[in-house]
Amino acid sequence: MAFKRVLIANRGEIALRILRALRDMGISVAIIHGREDRLSLPVRLSDVAIPIRRDNPLDSYLDIEAVIQAAKDIDADAIHPGYGFLAENANFVRRLEEEGITFIGPSSEVMTLLGDKIEARKAMEAAGLPIAQGSSEPIDEAGVASALADKIGYPVIIKAAAGGGGIGMQIVNAADEFAGALKLCRSRARSAFGDARVFVEKYIVGAQHIEFQVLGDGEKAIHFGERFCSIQRRHQKLVEEGPWLEPEVREKIGALVCRGAAQVGYKGLATFEFLRDKNGDFYFLEVNPRVQVEHTVTEMITGHNLVELGIRIAQGEPITLSQDEISWHGHAIQCRINAEDPVGFIPSPGKLWDCHFPSGYGIRCDTHAHVGYDMPGCFDSLLAKLLAWGETRDAAIARMKTALDETRIIGIETLIPLHRRIMDESDFRARDITIQYVDEHQELFG
Ligand code: ADP
């Protein structure tokens, strides 16, 4: 069934990205918004905007019943959650299923399975994906954890079963650290996710973060290759790029992720995240059951409109593309232009007195910013995603530098000076990058 109207339950650049896809498809666009976003670009451009006023600005986007009421009031066929907020909330998906409103994403059952890292590890191991050695059940006793660590070897990492956003993780190097570390992780997990369960996994030293973009229709799945996202601070990505792997490796891991997605009956866009160690071995981390910030990298190198494909699946259309029709052309890099100071990563909200974002051949810039935009301090600090494409990685880097130089933002601080330095840094240029890159390159902050 073709959607007539879709409600966007999100804000910022991703709300604008979804709005554009809906418009392309001839679907009426509705959006909810809090007080801070009433003058934002996606709200002004939508056909219908529904205010949800709350004292805490985040609550406008987290109030499940208010969002559902908004969808009913304006007769929306479906809700697009974007990323963050309610995008991975299985209770929200369940409530929409009860109300007969389509959720653009997987079913509540699949969401519940994938939201639990212990269960997701089990399901993906059963589908043949390589996982890091670790516990297949929650662990709360130091004795049990240290017995396991003796078997698999130190260092290990304690992780929250319900984890996300890098919260509730702790590296452990010796048995006597377990008691304290378990207590800390469990209490962090309880307060962040309402679920104290943690598990232990082998810590992969010198790892790279590599993730696969997948699309499933409930029966079959195809992949759009990988993105390399190892440049992170506090487990959050700053620079993403692709492609990264040799074609044979892509084909091998790609086939595995498609099998994993098909086996759980996955519907919609998903990202399968992995770590790859120095020997080139892959370890499954988690599935992100939603559109991701960096889907844009894949759109640039494959030429496929991923957001539209995700909406089509939710409309009940099967995947008509075959794996052979997916090919990769050139190289794309994305720099996250966060409104933060480029040394301490402290948020820098405020008014954009003037701004100019680059465009031109091989450049894409996804942003909700404009002259006069008041960047609120209460939400995520992502202001713009700047992408550069080139025939080769070096060409993409050269074009990114041109684009960063061209960007003008007056009024707030951004990560642009940091990105300029990264683009010139010799290990980055040589592709010698692990998830410790930022820690090991403190000169970038000097
Ligand atoms: P979250 O869901 O909180 O983002 P992930 O499991 O996706 O957690 O891990 C996020 C990041 O944490 C990874 O990109 C990596 O930097 C680090 N990490 C997680 N598990 C391991 C591990 N077993 N070994 C080394 N680093 C890890």
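As the structure is a prediction and not an experimental result, all values here were calculated from the model. (Residues numbered from 1 in each chain as written. Predicted model: local features only at pLDDT ≥ 70, side-chain atom pairs only at ≥ 80, totals over all residues. Heavy atoms only, no water.)

Engineer: Help me understand the sheet that holds strand E12 (residues 267-276), please; the structure alone is not making it clear to me.
Structural biologist: Either a parallel or an antiparallel arrangement is found when strands of a sheet pair, and the pairing is made through backbone hydrogen bonds. Spatially, E13-E12-E9-E10-E11-E14-E19-E17 is the arrangement adopted by the eight strands of the open sheet, whose pairing is antiparallel. Since the sheet does not close on itself, it has two edges, and those belong to strand E13 (282-288) and strand E17 (363-367), each with one partner. Ignoring strand direction, the axes of neighbouring strands in this sheet form an average angle of 25 degrees. When strand E14 (residues 331-338) meets strand E19 (residues 382-390), the two strands line up antiparallel, connected through eight bridges. Bridging across to E19, Ala332 finds its partner in Trp389. Set on the sheet, helix H1 (residues 12-24) makes contact with E17 and E19; between it and E17 the angle comes to about 110 degrees. Across the sheet, helix H12 (residues 393-406) is in contact with strand E11 (236-242), E14, E17 and E19; its angle to E19 comes to roughly 140 degrees. (Pairing = 2+ DSSP bridges. Helix = DSSP H or I, 4+ residues; strand = E, 2+ residues; numbered from the N terminus. Axes fitted to C-alpha atoms, helices over the stretch in contact; angles between N-to-C directions. Contact = heavy atoms within 4.5 Å.)

Engineer: Would you explain the packing of aromatic side chains in this entry?
Structural biologist: Both the distance between ring centres and the angle between the ring planes are used here to describe each pair of aromatic rings. Applying the stated criterion across every chain, the model contains twelve aromatic pairs. Note on Phe274 and Phe282: the rings are 5.8 Å apart at their centroids and 85 degrees apart in plane angle, and the pair reads as edge-to-face. A relative accessible area of 0% means that Phe274 is categorised as buried. On the basis of an interplanar angle of 85 degrees and a centroid distance of 6.4 Å, the ring pair of Tyr361 and Trp389 is categorised as edge-to-face. One end of the pair, Tyr361, is in the loop between strand E16 (354-356) and E17; the other, Trp389, is in strand E19, with 28 residues separating them in the sequence. Given a relative accessible area of 9%, Trp389 falls into the buried group. The rings of Phe212, Phe272, Phe274, Phe282 and Phe284 are connected pair by pair, giving a single aromatic cluster. Across from the ring centre of Trp328, 4.7 Å away, lies the NZ or CZ of Arg250, which sits over that ring. (Phe/Tyr/Trp six-rings, centres within 6.5 Å; stacked < 30°, edge-to-face > 60°. Buried < 20%, exposed > 50% of the residue type's maximum accessible area, 1.4 Å probe, protein only. Lys NZ or Arg CZ within 6 Å of the ring centre and 35° of its normal.)

Engineer: Please clarify how the pattern of salt bridges should be interpreted in this entry.
Structural biologist: A pair can form between side chains of opposite charge whenever their charged atoms are brought close. Taken as a whole and assessed by the stated rule, the structure comprises 32 salt bridges. For the salt bridge of Glu340 with Arg233, the shortest nitrogen-to-oxygen distance reads 2.6 Å. Of the two residues, Glu340 is situated in the loop between E14 and strand E15 (350-351) and Arg233 in strand E10 (residues 221-233); the sequence distance between them amounts to 107 residues. Of the two residues examined, Glu340 and Arg233, each falls in the buried class. Overlapping salt bridges bring together Glu211, Arg227, Lys237, Glu240, Glu273, Glu294 and Arg336 as one network. (Salt bridge = Lys/Arg side-chain N within 4 Å of Asp/Glu carboxyl O.)

Engineer: Would you take a moment to explain the domain arrangement of the protein chain for this structure?
Structural biologist: Many authors give the size of an interface as the accessible area that is lost as the parts come together. Splitting the protein chain by domain gives domain 1 (5-104), domain 2 (133-202) and domain 3 (208-445). Across the contact, 31 residues belong to domain 1 and 27 residues belong to domain 3. Buried area between domain 1 and domain 3, summed over both chains or domains, comes out near 2200 Å², and the portion from carbon and sulfur atoms is 67%. Run the count over domain 1 and domain 3 and you get eight residue pairs in polar contact (both at pLDDT 80 or more). Those elements that place two or more of their residues in the side of domain 1 that touches domain 3 are H1, helix H2 (41-45) and strand E5 (102-103). In terms of residue count, the dominant contributor to the side of domain 1 that touches domain 3 is H1 (nine residues). The residue inventory of the side of domain 1 that touches domain 3, partitioned by class, reads 18 nonpolar, five polar and eight charged. (Domains from an automatic or database assignment. Buried area = accessible area lost by both parts, 1.4 Å probe. Polar contact = N/O pair within 3.5 Å; in protein donor to acceptor, adjacent residues only side chain to side chain. Nonpolar A, V, L, I, M, F, W, Y, C, P; charged D, E, K, R; others polar.)

Engineer: Explanation requested: the sheet that holds strand E1 (residues 5-8) in the structure shown.
Structural biologist: Spatial strand order, E3-E2-E1-E4-E5: five strands in an open sheet with parallel pairing. The sheet is open, and its two edges are formed by strand E3 (48-51) and E5, each paired on a single side. Where strand E4 (residues 78-80) lies against E5, two bridges are found, and the strand directions are parallel. Bridge assignment links Ile79 to a residue of E5, and that residue is Phe103. Along the sheet, H1 contacts E1, strand E2 (28-33) and E4; its crossing angle with E1, the most-contacted strand, is approximately 175 degrees.

Engineer: Teacher, can you tell me more about the site of the ligand here?
Structural biologist: If you check the shell around the ligand, you find 21 residues, and the closest are Lys117, Gly166, Glu201, Ile204 and Glu286. Lys117 places a side-chain nitrogen or oxygen 2.6 Å from an oxygen atom of the ligand. Contact distances for the ligand include 3.2 Å between an oxygen atom and a side-chain N or O atom of Gln232. Those elements that provide at least two residues to the shell around the ligand are strand E6 (156-160), strand E8 (198-202), E12 and E13. Grouping the amino acids of the shell around the ligand by side-chain chemistry returns eight nonpolar, seven polar and six charged. When residues of the shell around the ligand are assigned to domains, at least three map to each of domain 2 (133-202) and domain 3 (208-445). (Near = heavy atom within 4 Å.)

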